[in-house]
Amino acid sequence: MPAKVVVIGSLNMDLVTRAPRLPRGGETLIGQSFATVPGGKGANQAVAAARLGAQVSMVGCVGSDAYGKELRDALLAEQIDCQAVSSVEGSSGVALIVVDDNSQNAIVIVAGANGALTPSLIGCFDAVLQAADVMICQLEVPDATVGHALKRARELGKVVILNPAPASRPLPADWYANIDYLIPNESEASALSGLPVDSRQSAEAAATRLIEMGAGKVIITLGAEGSLFADGKSFAHFPAPAVKAVDTTAAGDTFVGGFAAALAVGRSEAEAIGFGQIAAALSVTRAGAQPSIPSLSDVQAFKTP
Ligand code: RIB
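Conventions used here
Residues numbered from 1 in each chain as written. Predicted model: local features only at pLDDT ≥ 70, side-chain atom pairs only at ≥ 80, totals over all residues. Heavy atoms only, no water. UniProt positions renumbered as here; feature names shortened; annotations may be inferred. Helix = DSSP H or I, 4+ residues; strand = E, 2+ residues; numbered from the N terminus. Rg over C-alpha atoms; globule rule 2.2 N^0.38 Å. Buried < 20%, exposed > 50% of the residue type's maximum accessible area, 1.4 Å probe, protein only. Contact = heavy atoms within 4.5 Å. Areas by Shrake-Rupley, 256 points an atom, 1.4 Å probe, with all protein chains shown as cover. Lys, Arg positive; Asp, Glu negative; His and termini not counted. Charge placed at Lys NZ, Arg CZ, Asp CG, Glu CD. Pairing = 2+ DSSP bridges. Axes fitted to C-alpha atoms, helices over the stretch in contact; angles between N-to-C directions. Near = heavy atom within 4 Å. Polar contact = N/O pair within 3.5 Å; in protein donor to acceptor, adjacent residues only side chain to side chain. Nonpolar A, V, L, I, M, F, W, Y, C, P; charged D, E, K, R; others polar. Disulfide = S-S within 2.5 Å.

Labelled according to an unreviewed UniProt entry, the protein chain appears under the name Ribokinase, originating from Pseudomonas reinekei. According to its UniProt record, the protein chain has this under Subunit (unreviewed entry): "Homodimer." Quoted straight from UniProt, the Function (unreviewed entry) entry for the protein chain says "Catalyzes the phosphorylation of ribose at O-5 in a reaction requiring ATP and magnesium. The resulting D-ribose-5-phosphate can then be used either for sythesis of nucleotides, histidine, and tryptophan, or as a component of the pentose phosphate pathway."

Next comes the structure, spelled out in structure tokens:
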């Protein structure tokens, strides 16, 4: 039986425009293309974990609009259990995304139905959480819900992963003791720790601070520079495979989902990080959020260029 991962988080329809560069304030640019693509950090991480070897359940909310059905169908197509994806009156979550010619992006999200994922709704699906080995949360649903999920997963003895994205502020102090693996990127690590993160040394300092705050282990993703792992005793740096980037949207989500799937099937932390990094590297060579996420066979076939 594949190991079970539950993702508690967001589903968004991504409205994606490609443009030569990101617009400045007050500026109108002529875009090159437009597409609607299933996304949302929670759903992306669920798809990544499912394509990369885990049995996955999603806990979240979609709206009563056409996007809601599309978002649910996209997960069902990956054999993800959606019994805990509730449909609520109103609009689904959306993300307005511009991707430029350097494959960088700018994103504005509107929570929509994701805002309806309350702690009591999570409580209705406690059996889904109980059945899982690993739980993943992010920050595109209400903070109260994330805090509740972390606490409940800890009580149930699950492996608890928090990807604190997007984060521009410190996390509630009482969350940290419930987190086994905290996986921020550089800017999130900086926002959480209050320290600048712009080098390997500064990432080590931020990771140390986050462990002092109570997180079990910290993995700071460093984009093309790979990632830094810290467990409070030592640090390990994992260089990323070099690839030609087309679109970095969902690279972090692919890493988190891949890491969780690998950990859930019993791989070591180092193996799970290396596996997640290959998956994330492959994802940046393709456009879009969920369409860019590789399969297990893609990752197994990957050869360092
Ligand atoms: O991490 C990428 C995701 O962030 C996008 O799919 C978008 O929906 C936003 O949530």
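And the narrative resumes.
For the protein chain, the helix and strand inventory stands at ten helices and 13 strands. For 305 residues, the compact-globule estimate of 2.2 N^0.38 gives 19 Å, and the C-alpha radius of gyration of the protein chain, at 18 Å, lies within 12% of that figure. With respect to the principal axes defined by its C-alpha atoms, the protein chain has extents near 50 × 45 × 40 Å. A burial count over the protein chain gives 50% of its 305 residues as buried. For the protein chain, contacts bridging at least 24 residues in sequence account for 66% of all contacts bridging at least 6. Surface accessibility of the protein chain: about 12,400 Å² in total, with carbon and sulfur atoms responsible for 55%. When the 21 positive and 29 negative side-chain charges of the protein chain are each reduced to one mean point, those points stand 3 Å apart.

The nine strands lie next to each other as β5-β4-β1-β8-β9-β10-β11-β12-β13, forming an open sheet whose pairing is mixed. The sheet terminates laterally at β5 (81–88) and β13 (235–238), the two strands that pair on one side only.

Let's shift gears to the sheet that holds strand β3 (residues 33–39). Across the sheet, four strands lie side by side as β3-β2-β6-β7; this open sheet has mixed pairing. The two strands at the open ends of the sheet, each matched to only one other strand, are β3 and β7 (105–110). Each strand axis lies, on average, 20° off the axis of its neighbour in the sheet, ignoring direction. Against the sheet, helix α2 (residues 66–76) contacts β2 (12–18), β3 and β6 (93–99), and its axis sits at roughly 95° relative to β2.

Around the ligand, a shell composed of Asn12, Asp14, Gly39, Gly40, Lys41, Asn44, Ala95, Ile109, Glu140, Ala250, Asp253 and Ala289 is seen. Contact distances for the ligand include 2.9 Å between an oxygen atom and a backbone N or O atom of Gly40. Asp253 places a side-chain nitrogen or oxygen 2.7 Å from an oxygen atom of the ligand. Contact with the protein chains hides 96% of the accessible area of the ligand, taken as 270 Å² for the molecule alone. Residue classes in the shell around the ligand are distributed as four nonpolar, four polar and four charged.

Looking now at the pairing of strand β1 (residues 4–8). Counting buried residues in β1 gives four out of five residues, a clear majority hidden from the surface. Summarising the sheet, β1 and strand β4 (residues 55–63) pair through five bridges and their orientation is parallel. Bridge pairing in β4 links Val5 to Val56. Strand direction decides the pairing type here: β1 and strand β8 (residues 134–137), joined by four bridges, are parallel.

Let us look at the state of the cysteines. Applying the stated criterion to the full structure yields zero disulfides. Cys61 supplies the cysteine sulfur nearest to Cys82, a cysteine that is in no disulfide, at a spacing of 12 Å. Cys137 forms no disulfide, and the closest cysteine sulfur to it belongs to Cys61, at a distance of 14 Å. Given a relative accessible area of 1%, Cys137 falls into the buried group.

The subject of this paragraph is the UniProt feature "binding site: substrate" (unreviewed entry) in the protein chain. When the UniProt feature table is mapped onto this chain, "binding site: substrate" (unreviewed entry) is found at Asn12, Met13, Asp14, Gly40, Lys41, Gly42, Ala43, Asn44, Glu140 and Asp253. Mapped onto the fold, Asn12 is located in strand β2. Not counting residues up to four positions away in its chain, the partners in contact with Asn12 are Val37, Pro38, Gly39, Gly40, Leu71, Gly93, Val94, Ala95, Ile109, Asn114 and Glu140. By the secondary structure assignment, Asp253 is in helix α8 (residues 251–264). Here Gln45 takes part through its side chain, which lies 3.0 Å from a polar atom of the side chain of Asp253.

Turning our eyes to something else, we now look at the UniProt feature "domain: Carbohydrate kinase PfkB" (unreviewed entry) in the protein chain. Feature annotation in UniProt places "domain: Carbohydrate kinase PfkB" (unreviewed entry) on residues 3–295, given in this structure's numbering. Taken end to end, residues 3–295 has its terminal C-alpha atoms 16 Å apart, with 33% of it in helix and 25% in strand.

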